[in-house]
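Coordinate inspection notes
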2 protein chains.
Amino acid sequence: MDGKYVYNFHEGGRDMAGLLGGKGANLAEMARMGLPVPPGFTVTTEACRVFLATGEPPPELERQVSEHLAVMERAAGRRLGQVDAPLLVSVRSGARFSMPGMMETILDIGLNDLSVLGLAKALGRERFAWDSYRRLVQMFGSTVMGVDSARFESVLAGIKKQHHADDDTQLDTCDLIRLVQMYQDLILEETGEAFPQDPAEQLRRATLAVFTSWNGERARIYRRREHIADDLGTAVNIQAMVFGNLGPDSGSGVAFTRDPATGQPGIYGDYLPNAQGEDVVAGIRDTVPLQELEHLDPASFARLRDCMAQLEAHYRDLCDIEFTIERATLWMLQTRVGKRTSQAAFAIAGQLVDEGLITPQEGLARVDGEGLARLMFPRFDSSGTREVLARGIPASPGAAVGAVVFDSAEAVRRSAEGEKVVLVRQETTPDDLPGMIAAEAVLTSRGGKTSHAAVVARGMGKVCVCGAGELTVDPQGRSFSTPSVTVREGDVVSVDGSEGLVFLGAVPLVDSPVMRYFEDGGHPPGESATQVVRDVHRVMGQADEARRMEVRANADTPEDAARARRFGAQGIGLCRTEHMFLGDRRSLVEAMILAHDDEEREAALNALLPLQRADFIGILEAMDGLPVTIRLLDPPLHEFLPDLTELSVRVARDEALGRQPDLHETELLAAVTRMHEANPMLGLRGVRLGLVVPGLVAMQVRAVAEAVVARKRAGGDPQAEIMVPLVDAVEEFRLVRAEVARVLERVSAGTGVALGCPVGTMIELPRAALTAGSIAEDAEFFSLGTNDLTQTTWGFSRDDVEAAFFSAYLDKGIFQTSPFETIDREGVGRLVEIAVAEGRATRPGLNIGVCGEHGGDPQSVHFFHDTGLDYVSCSPFRVPVARLEAGRAALRATEAQAGR
Amino acid sequence: MDGKYVYNFHEGGRDMAGLLGGKGANLAEMARMGLPVPPGFTVTTEACRVFLATGEPPPELERQVSEHLAVMERAAGRRLGQVDAPLLVSVRSGARFSMPGMMETILDIGLNDLSVLGLAKALGRERFAWDSYRRLVQMFGSTVMGVDSARFESVLAGIKKQHHADDDTQLDTCDLIRLVQMYQDLILEETGEAFPQDPAEQLRRATLAVFTSWNGERARIYRRREHIADDLGTAVNIQAMVFGNLGPDSGSGVAFTRDPATGQPGIYGDYLPNAQGEDVVAGIRDTVPLQELEHLDPASFARLRDCMAQLEAHYRDLCDIEFTIERATLWMLQTRVGKRTSQAAFAIAGQLVDEGLITPQEGLARVDGEGLARLMFPRFDSSGTREVLARGIPASPGAAVGAVVFDSAEAVRRSAEGEKVVLVRQETTPDDLPGMIAAEAVLTSRGGKTSHAAVVARGMGKVCVCGAGELTVDPQGRSFSTPSVTVREGDVVSVDGSEGLVFLGAVPLVDSPVMRYFEDGGHPPGESATQVVRDVHRVMGQADEARRMEVRANADTPEDAARARRFGAQGIGLCRTEHMFLGDRRSLVEAMILAHDDEEREAALNALLPLQRADFIGILEAMDGLPVTIRLLDPPLHEFLPDLTELSVRVARDEALGRQPDLHETELLAAVTRMHEANPMLGLRGVRLGLVVPGLVAMQVRAVAEAVVARKRAGGDPQAEIMVPLVDAVEEFRLVRAEVARVLERVSAGTGVALGCPVGTMIELPRAALTAGSIAEDAEFFSLGTNDLTQTTWGFSRDDVEAAFFSAYLDKGIFQTSPFETIDREGVGRLVEIAVAEGRATRPGLNIGVCGEHGGDPQSVHFFHDTGLDYVSCSPFRVPVARLEAGRAALRATEAQAGR
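Keep in mind that what you see is a predicted model, and the values were worked out from it rather than measured.

The UniProt record annotates "domain: PEP-utilising enzyme mobile" (unreviewed entry) at residues 419–500 of chain A. In the segment residues 419–500 of chain A, helix accounts for 18% and strand for 33%; the C-alpha atoms at its two ends are 23 Å apart.

Okay, structure coming up:
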C-alpha cells in the first residue's frame, strides 16, 4: 500500500516478511493467531529504504507512528512516558533475512527523569527502575547520540571502584541515580545536547538509529558474506516491554517444538527464572531444562505448551520460540521456523507427512541434497567421552583424525611416510597448497566460510574447520594452545568439519548408516533399520517419483560403475578413458607417444587395444542394460609423460655429476620438451588429438565395438555411446564421426553383430555452445562439460586460480559461490541455454545431459531441470544428492507453474 | 525460371554466374555484345545439382538440349554428326568459382566412324580428322566410360614402338586409323559396350560425365582448400569447336587489356600460331608476343583490338581473354576480369576513374588492404641480374636474404651469433619452431598455402615460400639442389615471399616507395613521386573520406606512437603497460614480486612510478590531442621472473657440483615455484592481479594521472583513457574503478588540475561478452580484445596450438583461415555482436573499439564495420590497411543498403 509505513501487529502476517522483516511478520502472525503477544507495531523496510535513499524518513512516518502508538497505549492501558505508570517500549531491528546481532536494539524507551519514578512506584521496585533508566541513557547515548561507549564504561568503572564493587549488582539505588546523572552530563559534554526527556523524541530517534545501523560496518560485512542484498533495508519493531526479571514468578526462555538435533517430537528448550531474554542468549547464567517450568509455574507451562502446539500446527513445521513470563503471565516474543540438523530435517519431514500436516510433496521440499550428503559422511562416535578442544566454523564437512603439523613441508613429509596429518595454521595461503593436499584436514584459527582454507578445502573435498578463535597457533614453537591445553606437533586431534568441532586424541569414527543403506543398494529398510535410514528411504522414493531428469554417474571402472548403480545411477554419463591409460599401462602409452614411425605407434596402440577392450567389457557388464557414455581420450598426451622441470633437473644433475646419460631419459626429455605446452588446458587435447594422432580414435572405437560384441555374445545388453570431447566446430565432429562409423562398420562386418552406438559430443567450449545448432546436425547427443565450459567462459583454470584468488573474490563479493561449485547462471548458464535451445531447434528431442561436477550440486541441478536437460551425471557418491535435488526441482517447477 | 535448364548464349549474361558458371556467363555476355563467339549454350548448375542429388538428370534436360542444339546447328549451318561436314562441339565444365583443371572437358564430340571422313574432306586434312577422332575416343573412353587412361597410353606406346616413333606427330594417318580401331576394341573389351557412334548419345553422356566430375577427388580436395561450397555444382558449356591448328593462318592466344603487372594500358598477351588454346596454356611450344599478330594477320589483330576495347569499356575493368583464329577468322573463347598485381590494381583503379569508366567509389572497391600491405614491403631490386633458383608458392610476403641452414638447431645457433639464416626443409613440423623463429625466411619443397610452414610463418610475419617442388632437399648432406645447381649450408639465398621466388646469392633490397610515403606522413606526393605512390595517395584519400570507423594503433612507446600518427592513426587503442616493466626495470619488478611485506612492495612500486610516468608523458606527447587508451598491467607476474625449468636446472646443477647456493637464486626459485601456473593464460592476471596485489593499480593510475598533469602544465592536450583488462564480471570492474577514481581524485586535489580520464574495460572473455549489459552500467568504454576472446571461445591458445595443428585443420577444411588471423564470425563474432548490442542497450552510444590483431585484418575490419564498432586499433604498420578497409567496408555497406 502506497504511503503506509506502519503496520499494527494485527494488520500483518508471516507472508509479509519482505515489508515487515522476519521478526515483525512472525509477531504479526502470532498476534493474528490470538497468542499472547505484547502489543506493538512495525515500521516497514520501505520506510527504511526511503530513509537510506534520501537521508530523511518519509514525511508521513511520524504521524503514522503516533497513531499506532495511541492504539498500543489504549491496548496496554498506559501511555508512553506516563508519569505514574509509564508504558516502556523496545525498538528492535528486523530484516527480511536474519542478521543476528548485526544491527541496533534500544530497550526501555519511555523512561525519563519523571517516569522513572512512576515506574519504580508502579512495579514497587525502585532499584530496578533506576537500573533500567541507567541502561536506556547509556544505550541511547552511544547508539543514537554517538558517544563512544567506552566513555560510559569508564564512568561506571569509576563508581564501582569508589564502592570497591566487583559488579553492577553491588551498586545500590543511590549509585544508580548518580550514574544516570553522570551519564547525562557526559552526553551533554560530548554532544552539546541533552539526553532527550521527551519519550516521543526518544522513539523517533531510536527508530532512525536502527535504520542507520543497516549500513553499519558490521552489518555490511555480514551481508556481503551471507550474500544478502544491500538494498533491502530493515524494518523496526516497536513493542511494549515485558519483564522477565521481576522476581521468581518471572523468567525468560527459548523453546523448540521438536528436538532440532534428532527431530524427536516433544518440548525442548531452556528456561532462566527471573531474567530477561537477553540473559538467556548471552549465556551468562545457567539455564534449566524447559521441562522444569512445569514445576515452577504449571499454568504458564501449560499455556506455553498450548501455544507451541498451535504454532506447529499453524506453521506446519518445527518452530523456534522466545518467550517471557512476567509475574506469571506468559508473553510470546518471537517465533520462526527453526533450524535443524540434517537428520532432524529428514525425520521431521516424515513425521509431519505422517501426522497429515503436510503433503508428501511438501515433505520433499523440506529436505535437501546438502543435508543428505552430510548424512552420508562417517561421523565421530558421540557415545564415548570426547574432549572438545575448540569450536570453529564448519567449513568443509566430514570427519578426520591425524597428527598435528604446522607447515606445508612437514605435512608433505609425514604424509609421504604414510602418516595421517592435520594441517594447523592461523590462516592458509597459496603456499600451503601442497600441505593441504597432503593433509586429512585443515584447521585454522582465523577466517570464515570464504577464507582461503575453507574455499580450497571444499574444492578438494578435504575436512576443514576454520576461524577457531580460541586457538593460539604458534608455528615457530610448533604448537597451538587453547585456554586450557597445549597441543604439540605430532599430537593427534580429531576434526569434525560438519559440526565445526575439534577433539583431542583420536575419536573413533562410526560409519554412516545412510551410506551403508545406499551401498547396499537402497532397498526398503527392514525392521532393524535406524530411523534416519527409514526417513531417507521414504524421501528418496518421493524424489524418484517426482523427478523428470535421469541421474547418471561419472565412472571409469567396473567397481565405480557397480557402486553408482547401487546408488541409483541410471547409466554412466561420463566414462573417462584416460584413466585407463595410467598405472602399469604408462609404458605402452609412452611407447605410443615416443613412436618414431607409424609402425611403432601401431604396435603400441595394438598392445593397448585388448586392455581397453577388457575395461569396457567390465563397465558395460556392470551397467548392463543402461547407457554408458564413453569419452574418447581427452587430455594432452604429455600428461602421460614425466614433468618437464623434474626431468630436466634429473638429467642436468646426472650431467653435472658426469654420470652416463640414460638414453631413455634423454629421449624422453626431448619428447617432453617438444610436447611441452605453455597452457596445456588450451592445447593439443580432446578431438584435436584424435584428428592429429593417427590410429588413436580407431583403436579406442575398436575397443568399444569389440567390447559390445563380446557382451552381446555373452547374452548381455550393452548400451555403449561414444562421445567426442572438446569439439569447437561441427567440421571436427564430422571428421571424427566418419572415422568412428568406419570402425564400427568394420567390426560389425567382421563379427556379424549389429552395433547401434550413438555418437555424440561434449559441449564444453564457448564456441561449441554458440554453434550448437550446427553441431546438432551431426551429433546424436550432447553432454555439457560445465567444468571446462566454466574455465573457458571465465578464462581461468581451476588449478591455477582457485587457491590464488577465489577466497579474495568471495570476500569481495565478486562471487557468491565458486563458479566451479555452482553453475554461473548469467555467463556459463546462458551458454548452456543457447546450446540446449539451438541444439534442439536443429534436432528436436536431442538428448542432452551434463557431466561436469555441477551435476551433483543442488542449485545447479535445479538450473539444469529448468533448462530442460534430460539427465545429470555426477560422481557416484553424489548420485543420491542429485536424485533428491532433481525430484525437488521438478516439484518446485510444477508448483511455480501452478502459481503456488 | 523453373524447369529451364539450358540457356543459349544469347539468353544469358555475366550476372548469371551462379546459374551458368563463370565461363558460361561471360560467354553469354560476349555473345550479347555481338562479339564473335562460336555458337553454343550452357546447361545450368541447377541441372547439375538435380543430377548430383538424384543420380538422374532432370527429365526435361534432354529435350531442352536437343532444341538448343538445333538452334546452334542452324546458326553454324552444320549438324552434329553430319556426314559430309560435321559440327563438332566441346563440352566444358564451368563452375561459379574458377576451378582450373579440376573437372573434365571433352572435345570433338560429334565425330564417329562416318563423320570423321566428312571432317577430313571438309577441312581437306585427313590426318587432322583422324587425330581428332583418336583423341575423342581416348578422352571419352577414359572420362565417360571409365577405362583406365593408362591402358590407352600403353596401346599408343605400342604403336609408337612399332614405328620407332618418339612422339605422336611421327604417326601417320594409317597409324591413327589403326589406333582408333584398337581404342574402340579396348573400350569394348573393358566395358562390354562399344564406343557410341550416335553424336547425341556422346553429347548426353559427356554432359553427365562433367556433372559427375564435380565430385571427383581432385575437385573435392581443391574445393576444400579453396573453401568453395560443395553444393554449388558446375554448369556445362556446349559450344561449336573452332580450330586454331588448321595452318599458318590459324592460331590461339591469351590477352590482357592492360599490363597485369604494372597496370600500364595497352595490349599484352601471347600468341601461338597454328595451335589450339590448350597448347598455349600447356606451355609446350614457345609463344610470341601478341603484338606480332599485327604482322602475321593485321585484320584479325585489328578485330581483336576492337573486341578488347569493347570488353574493357563494357566490363569497366582489366579483362583477360582467350581467343582462337581459325583460318583468319577471330573467335572469342573466354573472357573474365583479370587478375593483377597489387601495384597494377592501384594503377588501374586510378586510370579507370580518370577515364570516367568507373566512379571513385568503384575505384576504391577495386583495391584492397592486402594489396596495399604487399606494396609496403621492401622488394628485391629487379633491375640487376638475378638467378632464379626455384619457384614455389608465395606463402608469406616480404623479402629476406640469409645463409641456408637445414635444421632448427643450426638456425638457432647461427642466428644467436648474429648471422641471418634461411631455414630450408622438405616440410616443417612443430619441432622446427625454434628454427623458424630464428630464421629470416622459411623455404620448403613440399606443401601448399595451408602447410605447417606457411601457416606458422604467416602467424609470425616471417617470409615463406613453400612447395618449391624443383628443390631436392638433403638434410643429411646439408644441401639442396635444383636440376642445375646445388646449394650447401651457409650459401646465401634470397627469398621473395610475395612472388614465391628464390634467388641464388644476396639480391639487393629496395625500399618500398609506398612505405616511405607513409613514413613521411602521407602528404600529397610531389612531382617526383612514383606513380604507385600517387595511386595509393589518391585511394587513401577516398578511403578516409568514405569510412565511418576511426583507426587507432596499438603502441607502447613514444616512437611507435609517433610512427602510428604518421601512418594516420587517430589515437592509441591499446597501450600495453607491461612492456614498460621489461628491460632494465626487471630488477624493480622482481623486487615488487619478491617483497616480504607491504613496505618492501611499496618501495619497489615507488621506484617504478617515475619511470612509468615518464613513459606516459612521452606517449601522450606523441599523441597530443588524440585518445590514448592505457591498459593496466595484464600478464601474470611470473612472466617477469625467470623460467621455472631453467632456474631449477641451474640451481640443481650448482647443488650437484657442491657450489655455494646463491641466496638470491634460491629465493627466486621459491618465488617462481610458488607462482608457477599450469596455465598462465588462465591464471592470475589482468584485473585479478589488480585486485590481489596491493598498490599496483594505484601506482599505475597515479603515473597516468601525473603524466596528464605534466602534459597539461606543458600546454599539451593529453587524452588518456584507463582500461581494465580481463574483466569477467561487473563487480571486478566496479572495485577497480573505485580505486582508480580515488587515485585520480587524490592527484587532482593535490595538483589542482582537473582529470577527465574515462575508465573502460576490455571485453576479452566470453563471460564479459555475455554480461556486457551489466558491465556497461559501470564501464565508460569497451575495447574488444579479440585475441584473448578467440583463445577462450575456442579453448586454445595461439602459442600452444598454432604450430601443433593449425595446418592440419586448414588442410582438413575445419578452418577457412586461422581464427587468429580473421575473426570467426559464428563463434567469436557472435559474442562480439552480443557485447555490442547489450552494452549499448545499457549505455546508448557506448564507445566500442577492437584492439586485437583482427583490427588490422581486412575481412575482420569489414565485420567490425558491420557490427557498428567506433574504431579498430592495430599495429602501426597495419594502420594504412585498416584505413583502406574501413573505407571499403563503409562503401560496401552503403551500397548494400542502397540495394546495388
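Still to come is the rest of the account.
Residue and element names in this part refer to chain A. Spatially, the three strands line up as an open sheet ordered β18-β19-β20, and their pairing is antiparallel. At either margin of the open sheet sits one strand with a lone partner, and together these are β18 (472–474) and β20 (486–488). Across the sheet, the mean angle from the axis of one strand to that of its neighbour is 15 degrees, orientation sign disregarded. With three bridges joining them, strand β19 (residues 479–481) and β20 adopt antiparallel strand pairing. What sits directly across from Phe480, in β20, is Val487.

With that out of the way, let us pick up the pattern of salt bridges. Residue and element names in this part refer to chain A. Considering all chains together, one arrives at 114 salt bridges over all chains under this definition. Among the ionic pairs, Lys4 bridges to Glu11, the shortest N-O distance being 3.2 Å. You can call Lys4 buried: its relative accessible area is 17%. Given a relative accessible area of 38%, Glu11 falls into the partly exposed group.

Our next topic: the relation of the copies chain A and chain B. Its rotation angle being 179 degrees, the transformation that places chain A on chain B also includes 0.2 Å of axial translation and leaves an RMSD of 0.4 Å. These values place the two chain copies in the arrangement generated by a two-fold rotation axis. Here 100% of the contact residues of chain A are again contact residues in chain B; the copies associate through an equivalent surface.

The subject of this paragraph is the side chain of Asp556(B). Mapped onto the elements, Asp556(B) comes out in the loop between β24 (550–554) and α21 (558–566). Reaching out from Asp556(B), the side chain makes a polar contact with the backbone nitrogen of Arg576(B) at a distance of 3.0 Å.

Attention now moves to the interface of chain A and chain B. With 55 residues of chain A in contact, the opposing surface of chain B contributes 55 residues. Summing both sides of the interface, chain A and chain B together bury roughly 4,800 Å²; the carbon and sulfur share of this comes to 61%. Three residues, Leu682(A), Arg767(A) and Asp800(A), lead the burial of chain A against chain B; their summed loss comes to 14% of the area buried on that side. Counting across the interface, chain A meets chain B through six salt bridges. Note that Asp824(A) is salt-bridged to Arg767(B), the shortest N-O span being 2.8 Å. Remark: the boundary between chain A and chain B carries 21 residue pairs in polar contact (both at pLDDT 80 or more). Breaking the side of chain A that touches chain B down by element, the ones donating at least two residues are α24 (644–656), α26 (687–692), α28 (730–751), α29 (766–770), α31 (786–794), α32 (798–811) and α33 (825–842) of chain A. In terms of residues, the side of chain A that touches chain B owes the most to one element, α24(A), which gives eight residues. Looking at the side of chain A that touches chain B residue by residue, the class counts come to 27 nonpolar, twelve polar and 16 charged.

A word on the packing of aromatic side chains. Scanning the model with the defined rule gives 50 aromatic pairs over all chains in all. With a centroid separation of 5.9 Å and 55 degrees between ring planes, the pair formed by Trp130(A) and Tyr133(A) is classed as tilted. Within this pair, Trp130(A) and its partner Tyr133(A) are both found in helix α5 (residues 126–143), separated by three residues, close to a single helical turn. A relative accessible area of 9% places Trp130(A) in the buried class. With a centroid separation of 4.9 Å and 70 degrees between ring planes, the pair formed by Phe806(A) and Phe815(A) is classed as edge-to-face. Exposure remark for Phe815(A): the relative accessible area of 2% places this residue in the buried category. A network of ring pairs unites the aromatic residues Trp794(A), Phe796(A), Phe805(A), Phe806(A), Tyr809(A), Phe815(A) and Phe820(A) as a single cluster. The positively charged end of Arg14(A) is found above the aromatic ring belonging to Tyr315(A), 4.6 Å away from the centroid. One residue, Lys4(B), lies across the ring of Tyr7(B), its end atom 4.5 Å from the ring centre.

Residues and elements named next belong to chain B. Taken in spatial order, the five strands make up an open sheet running β1-β2-β5-β3-β4, and their pairing is antiparallel. At either margin of the open sheet sits one strand with a lone partner, and together these are β1 (6–8) and β4 (105–109). Geometrically, the sheet is characterised by an average inter-axis angle of 20 degrees between neighbouring strands, direction not taken into account. In this structure, strand β3 (residues 89–95) lies alongside strand β5 (residues 234–240), joined through seven bridges in antiparallel fashion. Opposite Val89, over in β5, you have Ala240 as the bridge partner.

Definitions and limits used
Residues numbered from 1 in each chain as written. Chains lettered and ligands numbered in written order. Predicted model: local features only at pLDDT ≥ 70, side-chain atom pairs only at ≥ 80, totals over all residues. Heavy atoms only, no water. UniProt positions renumbered as here; feature names shortened; annotations may be inferred. Helix = DSSP H or I, 4+ residues; strand = E, 2+ residues; numbered from the N terminus. Pairing = 2+ DSSP bridges. Axes fitted to C-alpha atoms, helices over the stretch in contact; angles between N-to-C directions. Salt bridge = Lys/Arg side-chain N within 4 Å of Asp/Glu carboxyl O. Buried < 20%, exposed > 50% of the residue type's maximum accessible area, 1.4 Å probe, protein only. Least-squares fit on C-alpha atoms with pLDDT ≥ 70 in both. Contact = heavy atoms within 4.5 Å. Polar contact = N/O pair within 3.5 Å; in protein donor to acceptor, adjacent residues only side chain to side chain. Buried area = accessible area lost by both parts, 1.4 Å probe. Nonpolar A, V, L, I, M, F, W, Y, C, P; charged D, E, K, R; others polar. Phe/Tyr/Trp six-rings, centres within 6.5 Å; stacked < 30°, edge-to-face > 60°. Lys NZ or Arg CZ within 6 Å of the ring centre and 35° of its normal.

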